[in-house]
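Single-letter residue listing:
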Amino acid sequence: MARVAEVQTDIAPRQTGPPVVPTALRIPMIVIASACAATLVALAVLYAGSTAPDGADRWARSTVLDLLPLDVGTAFRIDIVGDPRVVGVLMLVLTGICLWLGRRRLALVAVAGPVLTGVVTTVLKPVTGRTIHEGFLAYPSGHTAAVTALALVSALLVVEFLRAGTPAKMVFVVSVTSAAGGVMAWSQITLDAHYSTDTVGGFCAAFAVVTLVAVAVDRSARPRSTSP
């Protein structure tokens, strides 16, 4: 019996698969996620109840339209990716890929991360009460948050296969996530669907929530020590 228990304890960590967040990236990601959470809350407090863009929003929109023009048709096509139905399909595809590659922990995060991100943004909108176009709740941007969440999970899937040092891997994760969130934010600002600060809030919500979920899943999957 003792031998069987020893074998079961030995194989348990392997059955859960590799961690969602590589050990070397855990602290940097937690630091960034903490900063994102603080920014999310700070912007919510700052723009609570507002009904118009401020100077930063007007400057960002002007910059996007002048320096990075995006035609409306392309903006709408990008916007569709953030539609809840499309996000749901992409989430299932990403989960399937994770399972196929044996990344069971990450498969759980691929579902829980985007779903909880959606919950956070949905709850924060009426709590913050920021509106655009005469009553539409704006903060934070759900489209930006959803795409950012999917991109972060995808980056965590790919980074495990990169032959690079910790700094390069961290840069990869942040770059992929920022690029995806930035493109969606670009479309939202172009379409005047959100203020620029709404998209910042959406990005921050996704990075903070997905990182929290990932760390929690890794921690819960750690083998518990057993008494002899």
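Note that the coordinates shown come from a computational prediction; the quantities given were computed from them, not determined experimentally.

Draft legend 1. Spatial organisation of the environment of Gly 129. Its location among the elements puts Gly 129 in the loop between helix H6 (104–128) and strand S1 (131–132). Linking Gly 129 and Tyr 139, residues ten residues apart in sequence, is a C-alpha distance of 7.5 Å. Excluding residues within four positions of it along the chain, Gly 129 makes contact with Gly 49, Ser 50, Leu 124 and Leu 137.

Draft legend 2. Quick peek at helix H5 (residues 84–100). Along its 17 residues, H5 runs 24 Å from first to last C-alpha, staying within 8% of the 24 Å computed at 1.5 Å per residue. Considering only its buried residues, H5 is in contact with helix H4 (72–81), H6 and helix H7 (142–159). Capping of H5 at its N-terminal end is provided by Asp 83; its side-chain oxygen lies 2.8 Å from the backbone amide nitrogen of Arg 85. In the segment just after H5, Gly 102 is the residue with positive phi, at about 80°.

Draft legend 3. Local environment of the layout of surface pockets. Estimated volume of the largest pocket: approximately 290 Å³. Taken together, 15 residues form the lining of the largest pocket, with Pro 84, Val 87, Gly 118, Gly 142 and Ala 146 sitting closest to its centre. Among the elements of the structure, H5, H6 and H7 are those that each provide at least two residues to the lining of the largest pocket. The biggest single contributor to the lining of the largest pocket is H6, with six residues. Here the lining of the largest pocket is composed, by residue class, of seven nonpolar, seven polar and one charged. Looking at the second largest pocket, its volume works out to about 170 Å³. Around the second largest pocket sit 13 residues that line it, and Gly 181, Gly 182, Ala 185, Trp 186 and Thr 199 are the ones nearest its centre. Elements supplying a minimum of two residues to the lining of the second largest pocket: helix H8 (166–190) and helix H9 (196–220). When residues of the lining of the second largest pocket are assigned to their parent elements, the largest contribution, six residues, is made by H8. When the residues that make up the lining of the second largest pocket are grouped by side-chain class, the tally is seven nonpolar, six polar and no charged.

Draft legend 4. Highlighting the nonpolar core. Residues Val 20, Leu 106 and Val 109 are the most contacted members of the largest nonpolar core, which totals 43 residues. Looking at this core, the elements with two or more residues in it are helix H2 (23–46), H5, H6, H7, H8 and H9. When residues in this core are grouped by element, the largest group, eleven residues, is from H9.

Draft legend 5. Seen up close, the packing of aromatic side chains. By the definition in use, this model includes one aromatic pair. Between Phe 203 and Phe 207, the aromatic rings sit 6.2 Å apart at their centres with planes inclined by 35°, giving tilted as the arrangement. One end of the pair, Phe 203, and the other, Phe 207, are both in helix H9, four residues apart, so they sit about a helical turn from each other. Take Phe 207: its relative accessible area is 1%, and that puts it in the buried class. It is Arg 130 that lies over the ring of Tyr 47; its NZ or CZ is 4.0 Å from the centre.

Draft legend 6. Looking closely at the pattern of salt bridges. Across all of its chains, the model carries four salt bridges by this definition. For the salt bridge of Arg 130 with Asp 57, the shortest nitrogen-to-oxygen distance reads 2.7 Å. Of this pair, Arg 130 sits in the loop between H6 and S1 while Asp 57 is found in helix H3 (residues 55–67), placing the two residues 73 residues apart along the sequence. Note on accessibility: Arg 130 and Asp 57 belong to one class, buried. With a shortest N-O distance of 3.0 Å, Asp 83 and Arg 85 are connected by a salt bridge. Residue Arg 85 is classed as exposed on the basis of its relative accessible area, which comes to 67%. A single salt-bridge network, built from bridges that share partners, covers Asp 57, Arg 130 and Asp 198.

Criteria and cut-off values
- Residues numbered from 1 in each chain as written.
- Predicted model: local features only at pLDDT ≥ 70, side-chain atom pairs only at ≥ 80, totals over all residues.
- Heavy atoms only, no water.
- Helix = DSSP H or I, 4+ residues; strand = E, 2+ residues; numbered from the N terminus.
- Contact = heavy atoms within 4.5 Å.
- Expected span 1.5 Å × (residues − 1).
- Polar contact = N/O pair within 3.5 Å; in protein donor to acceptor, adjacent residues only side chain to side chain.
- 1 Å grid on protein atoms, 1.4 Å probe; cavity = no way out; pocket = protein on both sides within 12 Å on 5 of 7 lines; lining within 4 Å.
- Points joined across faces, edges and corners; volume = space filled by probe spheres on them.
- Nonpolar A, V, L, I, M, F, W, Y, C, P; charged D, E, K, R; others polar.
- Core = buried A, V, L, I, M, F, W, Y, C linked by side-chain atoms within 4.5 Å.
- Buried < 20%, exposed > 50% of the residue type's maximum accessible area, 1.4 Å probe, protein only.
- Phe/Tyr/Trp six-rings, centres within 6.5 Å; stacked < 30°, edge-to-face > 60°.
- Lys NZ or Arg CZ within 6 Å of the ring centre and 35° of its normal.
- Salt bridge = Lys/Arg side-chain N within 4 Å of Asp/Glu carboxyl O.

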